[in-house]
Amino acid sequence: MWQAFFHYSNHFVVIFIIAWFYSPRDVWKAYLILLSTMLVDVDHLWASPIFDPNRCSVGFHTFHSEIAIVFYILGMFLIKHKWIKLVCIGLVFHMITDGMDCVWSSI
């Protein structure tokens, strides 16, 4: 129960805090952009089974792969456009959240 609470709090509450710090004037726009980065989970749809509570998504799914994560991190530092950079920040935070979930599951 605590694992799910922690996971979804990061995906919905913590990203609001990130949005607030990133762009206080446009907090709702930033929050919606960060929420939209959860679309990266579309890659779960072509896994079999679609949901496996014992499977770590980081390193397994296409958009959660190590190479994808490298591109997300590079985008955070190399992309100058404010809102596209925020997409990369959201994707990196999504991977961190999913990674923490993997650690929690292995304990």
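Nothing here was measured: the structure is a model prediction, and the numbers come from that model.

Here the focus is the nonpolar core. Grouped together as the largest cluster of nonpolar side chains are 10 residues: Ile 15, Ala 19, Val 27, Ala 30, Tyr 31, Ile 33, Leu 34, Trp 83, Leu 86 and Phe 93. In terms of residue count, the dominant contributor to this core is helix α2 (residues 27-36) (five residues). Once residues lying within four places of it in the same chain are set aside, the contact partners of Ala 30 are Ala 19, Ser 23, Trp 83 and Leu 86. Core analysis: the next-biggest nonpolar cluster, separate from the first, contains seven residues, Val 40, Ile 69, Leu 91 and Met 95 among them.

Turning our attention to the side chain of Asn 10. With respect to the helices and strands, the residue Asn 10 is situated in helix α1 (residues 2-22). A relative accessible area of 7% means that Asn 10 is categorised as buried.

Time to look at the side chain of Ser 57. Inspection of the secondary structure assignment puts Ser 57 in the loop between α2 and α3 (66-78). Overall, the relative accessible area of 8% leaves Ser 57 in the buried class. At 3.3 Å, the side chain of Ser 57 forms a polar contact with the side chain of Asp 98. Setting aside residues up to four positions removed in sequence, Ser 57 forms contacts with His 44, His 64, Asp 98 and Cys 102.

What counts, and where the lines are drawn
Residues numbered from 1 in each chain as written. Predicted model: local features only at pLDDT ≥ 70, side-chain atom pairs only at ≥ 80, totals over all residues. Heavy atoms only, no water. Core = buried A, V, L, I, M, F, W, Y, C linked by side-chain atoms within 4.5 Å. Buried < 20%, exposed > 50% of the residue type's maximum accessible area, 1.4 Å probe, protein only. Helix = DSSP H or I, 4+ residues; strand = E, 2+ residues; numbered from the N terminus. Contact = heavy atoms within 4.5 Å. Polar contact = N/O pair within 3.5 Å; in protein donor to acceptor, adjacent residues only side chain to side chain.

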